[in-house]
Amino acid sequence: MTKGKPILMLVFGLLLVVLSRQAWGQGPPEVQDSVVQLDEIQTLKPLGDKTFVFEDPHHEMSHLQALQKFRQGLFERSEGNVIMRGYSQSTFWFAIQIENRYDVSRPLDVISKYTPFLLNVSVYNHGADSWFAIKGGAEFGNQGYFNHLPHFRVELKPGLNTLLFQQKTFATSFIPYAYALGETPKFFYDYSLFISMLVGGFLSLFLYNLVSAFNMRTKERMAYCFYLLFGFFLSFMFVSISYQKYFPFRMSTLTGFNLIYSIFLVSICVFGSIFLDLRTYFRRANYFLACSCITTFGLCIWDGFPSRIGQVISASCACIILVWYAYKRYRQGFSPAFFYLISWGCYTAGAMITAAFYQSAPTLNIEYASSSIAVGYYLEMILVSLATSQKVKLAMEEKTAALFQSQKEMKHAFNQLEKVFYPHQIKQISHGENLEETMPTGPGEACVMCFDIAGSSRIQHVKAKDFFRTVFRRCNEIMTEGYDGKDLKANAYRIKEMGDGFLCSIGYPFKARHDSIALAAMELAYRFVAIFEEEVAILDYSDPIHCGIGIAIDGISGFYPESGTKEYDLYGRAIVLATRYEGMRKILLKGRQAANIIILQERVFKSLDRQSRLDFQVYDLKENSLIVRDDPAATRLYFRIIASRSNLVDTHLIAL
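What counts, and at which threshold
Residues numbered from 1 in each chain as written. Predicted model: local features only at pLDDT ≥ 70, side-chain atom pairs only at ≥ 80, totals over all residues. Heavy atoms only, no water. Helix = DSSP H or I, 4+ residues; strand = E, 2+ residues; numbered from the N terminus. Buried < 20%, exposed > 50% of the residue type's maximum accessible area, 1.4 Å probe, protein only. Contact = heavy atoms within 4.5 Å. Areas by Shrake-Rupley, 256 points an atom, 1.4 Å probe, with all protein chains shown as cover. Patch = residues over 30% accessible without salt bridge, like charges linked within 9 Å, V, L, I, M, F, W, Y side chains within 5 Å. Salt bridge = Lys/Arg side-chain N within 4 Å of Asp/Glu carboxyl O. Lys, Arg positive; Asp, Glu negative; His and termini not counted. Charge placed at Lys NZ, Arg CZ, Asp CG, Glu CD. Expected span 1.5 Å × (residues − 1). Arc of directions from axis to C-beta. Polar contact = N/O pair within 3.5 Å; in protein donor to acceptor, adjacent residues only side chain to side chain. Axes fitted to C-alpha atoms, helices over the stretch in contact; angles between N-to-C directions. Parallel < 35°, antiparallel > 145°, perpendicular 65-115°, else oblique. Left-handed = near helix turned anticlockwise from the far one by under 90°. Nonpolar A, V, L, I, M, F, W, Y, C, P; charged D, E, K, R; others polar. Disulfide = S-S within 2.5 Å. Pairing = 2+ DSSP bridges. pLDDT = per-residue confidence, 0-100. Phe/Tyr/Trp six-rings, centres within 6.5 Å; stacked < 30°, edge-to-face > 60°.

Q: Would you mind showing me how to read the overall build of the protein chain here?
A: Counting its regular elements, the protein chain contains 21 helices and 20 strands. Buried positions account for 49% of the 656 residues belonging to the protein chain. Look at the contacts in the protein chain between residues 6 or more apart in sequence, and 75% of them connect residues 24 or more apart. If you sum the accessible surface of the protein chain, you get close to 32,100 Å²; carbon and sulfur atoms cover 56% of it.

Q: Even after reading the chapter, I still don't get the environment of Arg-636, so can you show me in this structure?
A: Its place among the elements puts Arg-636 in strand β20 (residues 636-642). Overall, the relative accessible area of 34% leaves Arg-636 in the partly exposed class. Note: C-alpha distance between Arg-636 and Leu-600 (36 residues apart in sequence) is 9.5 Å. Sequence-distant contacts of Arg-636, that is, excluding residues within four places in its chain, are made with Glu-602, Val-618, Tyr-619 and Leu-621.

Q: How should a negative patch on the surface be read in this particular structure?
A: A surface patch of like charges, here negative, comprises Glu-433, Glu-436, Glu-437 and Glu-562. If you trace the backbone, Glu-436 turns up in the loop between α14 (423-430) and β13 (442-453). By relative accessible area, which is 35% here, Glu-436 ends up partly exposed.

Q: I tried to follow helix α15 (residues 464-479) on my own but got confused; where do I start?
A: For the α-helix, the turn length of 3.6 residues means that residues three or four positions removed from each other point alike. Taking 1.5 Å per residue as the helical rise, α15 with its 16 residues ought to reach 22 Å, and the 23 Å between its terminal C-alpha atoms agrees with that figure. Every buried residue of α15 is listed here: Ala-464, Phe-467, Phe-468, Val-471, Phe-472, Cys-475, Ile-478 and Met-479. Considered in projection along α15, the buried side chains sweep an arc of 120° and stay on one side of the axis. Opposite the buried face of α15, at more than 90 degrees from it, the exposed residues are Lys-465 and Arg-469. Looking at the buried side of α15, the elements it contacts are β13, β14 (493-497), β15 (501-506) and α16 (517-539).

Q: Help me out: how do you make sense of the pattern of salt bridges in this one?
A: Evaluation of the coordinates by the stated rule reveals 15 salt bridges. A salt bridge links Glu-582 to Arg-585; the nearest nitrogen and oxygen atoms lie 2.3 Å apart. Look at Arg-585 and you get buried, because its relative accessible area is 11%. For the salt bridge of Lys-606 with Glu-602, the shortest nitrogen-to-oxygen distance reads 3.0 Å. With a gap of four residues between them, Lys-606 and Glu-602 both fall in helix α19 (residues 602-606), about one helical turn apart. Relative accessible area serves as the criterion here: at 17%, Glu-602 is assigned to the buried category.

Q: In this structure, what is going on with the environment of Thr-441? I would like to understand it.
A: With respect to the helices and strands, Thr-441 occurs in the loop between α14 and β13. Note: C-alpha distance between Thr-441 and Phe-559 (118 residues apart in sequence) is 5.2 Å. Sequence-distant contacts of Thr-441, that is, excluding residues within four places in its chain, are made with Tyr-508, Gly-558, Phe-559, Tyr-560 and Tyr-568.

Q: Explain the environment of Thr-296 here, please?
A: Looking at where Thr-296 falls in the secondary structure, it is placed in helix α9 (residues 283-299). The spacing of Thr-296 and Val-266 is 30 residues in sequence and 9.0 Å in space, taken between C-alpha atoms.

Q: Please explain the side chain of Thr-438 as it appears in this structure.
A: Counting through the fold element by element, Thr-438 comes out in the loop between α14 and β13. Looking at Thr-438, the relative accessible area reads 3%, which means it is buried. Reaching out from Thr-438, the side chain makes a polar contact with the side chain of Gln-425 at a distance of 3.0 Å. Excluding residues that lie within four positions of it along the chain, Thr-438 makes contacts with His-424, Gln-425, Gln-428, Ile-429 and Tyr-560.

Q: When you look at unusual backbone geometry in this model, what are you seeing that I'm missing?
A: Residues other than glycine predominantly adopt negative phi, and peptide bonds predominantly adopt the trans conformation. Note the cis peptide between Tyr-508 and Pro-509, where omega equals 0°. Inspection of the secondary structure puts Pro-509 in the loop between β15 and α16. Residues other than glycine seldom take positive phi values, yet Asp-540 does so here, at roughly 55°. If you trace the backbone, Asp-540 turns up in the loop between α16 and β16 (547-559).

Q: What exactly am I supposed to notice about the packing of α15 against α16 here?
A: Pairs of packed helices are described in terms of their axes, by the angle between the two and the distance that separates them. The geometry of α15 relative to α16 is characterised by a closest axis approach of 10 Å and an angle of 150° between their N-to-C directions. Compared by their axis directions, α15 and α16 come out roughly antiparallel. Crossing of α15 over α16 shows right-handed handedness. Contacts between α15 and α16 involve Phe-467, Thr-470, Val-471, Arg-474, Cys-475, Ile-478 and Met-479 on the former and, on the latter, Leu-524, Arg-527, Phe-528, Ile-531, Phe-532, Glu-534, Glu-535, Val-536 and Leu-539. For the contact of α15 with α16, the per-class residue count stands at 11 nonpolar, one polar and four charged.

Q: How do you make sense of the state of the cysteines when you look at a structure like this?
A: Note on terminology: a disulfide is the covalent bond linking the sulfur atoms of two cysteines. Scanning the entire structure with this criterion turns up zero disulfides. Unpaired in this structure, Cys-317 has its nearest cysteine sulfur neighbour in Cys-319, at a distance of 9.3 Å.

Q: Explanation requested: the pairing of β13 in the structure shown.
A: Looking along a regular strand, one sees side chains alternate from face to face of the sheet. Taken together, the 12 bridges between β13 and β16 define a ladder with antiparallel strand orientation. Bridge assignment links Phe-451 to a residue of β16, and that residue is Ile-549. For β13 and β15, the ladder comprises six bridges, and the chain directions are antiparallel. Opposite Asp-452, over in β15, you have Gly-501 as the bridge partner.

Q: What should I look at first to understand α14 in this one?
A: Listing the buried residues of α14 in full gives His-424, Gln-425, Ile-426 and Gln-428. Trailing α14 by a residue or two, Gly-432 shows a phi angle of about 105°, which is positive.

Q: Looking at this structure, I do not really get the confidence of the model for the protein chain. What am I missing?
A: A low pLDDT score tells you not to read the predicted coordinates there in detail. Residues with a pLDDT of 70 or more make up 73% of the protein chain, whose mean pLDDT is 77. Note that pLDDT drops below 50 for residues 240-253; the model gives that stretch 46 contacts with residues more than four away or on any other chain. In the model, residues 646-656 has pLDDT below 50 throughout and makes 15 contacts with residues more than four positions away in sequence or in other chains.

Q: Quick question: what am I supposed to make of the packing of aromatic side chains here?
A: Think of a pair of aromatic rings as described by two things: how far the centres are apart, and how the planes are tilted against each other in angle. Throughout the structure, instances matching the rule amount to 30 aromatic pairs. For the ring pair Phe-472 and Phe-502, a centre distance of 5.8 Å and an interplane angle of 85° mean the geometry is edge-to-face. Taken together, the residues span a long stretch of sequence, with Phe-472 in helix α15 and Phe-502 in strand β15 at a distance of 30 residues. Taking the centre distance of 5.3 Å and the plane angle of 75° together, the rings of Phe-559 and Tyr-571 count as edge-to-face. Pair noted here: Phe-559 is in strand β16 and Tyr-571 is in strand β17 (residues 569-571), with a separation of 12 residues, a long-range link. Judged by relative accessible area, Phe-559 falls into the partly exposed class, the value being 28%. By way of ring pairs, the aromatic residues Phe-451, Phe-467, Phe-468, Phe-472, Phe-502, Phe-528 and Phe-532 are connected into one cluster.

Right, here's the structure in full:
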């Protein structure tokens, strides 16, 4: 058997027991004598089993007529300590005979424990052929501790005294007790402290949940606050002492009670639906709960006993639905539903004990027994508060986990974006700037370098691709050296990478770190050749592998496409010329041994310092009847052949 199944069975059992009042029924006590002897009353004593009842539906009888009918034997003998007559608007008369065997008059205090719909009680004492009328309404507030109960102090004359109680009520529950100690029993003082603790605990939990509701601003917390408030009223309405003492108002009709009952049921259903998330997991359950609420509200306008039964049945169906789906949610792994089920068990147990009290009226601890529903509700409040807190904790854990996962995904996304964008672009985008604003656009001037590996398609080596990737990666690392996202500075900007070469620009879009973009380009060219030679040596290929570099200065522009993927790109004459000058490699090496070569546009050459120019040879295009494609005005170009490391390595290159 699963962990949750015994709990579900217990809650269902308690609900069924509460709904079946006959389960608490006790047979009529065997009473040999209906006359109460005063010398028997030494402490709080129930008098219900010695009470006679008569119903006056027309409110016409006087106390004299009531006494006459009592003597005629028209009063009905009570069957127990609790006199229940259902919901009625009739006037009821209760008669109790007490014999004072002493020679002098003796005082007697009579208390009636009742349901909270009591409107008025009057007591008539017929003793020694004289009448003493005590109006309950006039006596309230004059009896010390018992000012919240219908409490009457009567003087019993020597001999037989007949007490007639006239009760006008809508829920006729009459539970008379008497004591003759002359002072309040200590039990009631203890009970006052007990009730005060319950009320104080309720207020603390209510304020805690109310503050939480305003802070969190969730429907669940607001519904729970209504649930607490109206459930508190209903629970303590069954506790006569606490009800009259702490809530000194009375219902004028049964409709008022039914209305509070209906609102309480709605708050239960709304809170339960939100708490268990029925809309997500069991949408059909919400329809059943809505039908129960509508039925209960419809019955609240019917001021009669059948409406109360209908409300109990409708509310019981709603509660059973909530308990069932709470169990199902618990089986789904929703742990707060466990505390929700236990809380219903506590509340049902309290209601069960209270129902037992009103059915049998136990002699000892009567107030504690009748207050069980309030105690059960208090425990239910604690457990549901714990359940809601646990749900908040789970929600926070899920939110934290989701946030952590989101941060992890975002970090991964940013790591991937760093492969496409520069750090300053990502930073500016994260601050709300548009992608198009993160890189320079418009015309500019740059020194563009075209790097190409000669005869790459003829390299028959299993690690040829790794060789290319390593060369390009190391060259790219050199380009990004000294990157400054604030001032947009770097050694170079990689424009494009092809299968066997790449294009990069110096001076645009990143500013050069050198005052002369031509000198900066030459330094990079030498370093690129050095990296290339190192990787060739590592590859250890059987045939020589060489590279060519073309460098040109001219106009260049940055742009983002108007449509499609917004990928930053460069275009301009400088890019075209660098490619064309690198393409002159075969012509320049014709009749020479293959080697690494750097080819300069005349403008680049003339922008170098004297020392740098000494290493280059001039090639006259006119004398050789050649032109550089896309640069027909060019008359000369300059080149430098760099021997591979396997032969004689240029001293300038070695120094680098």
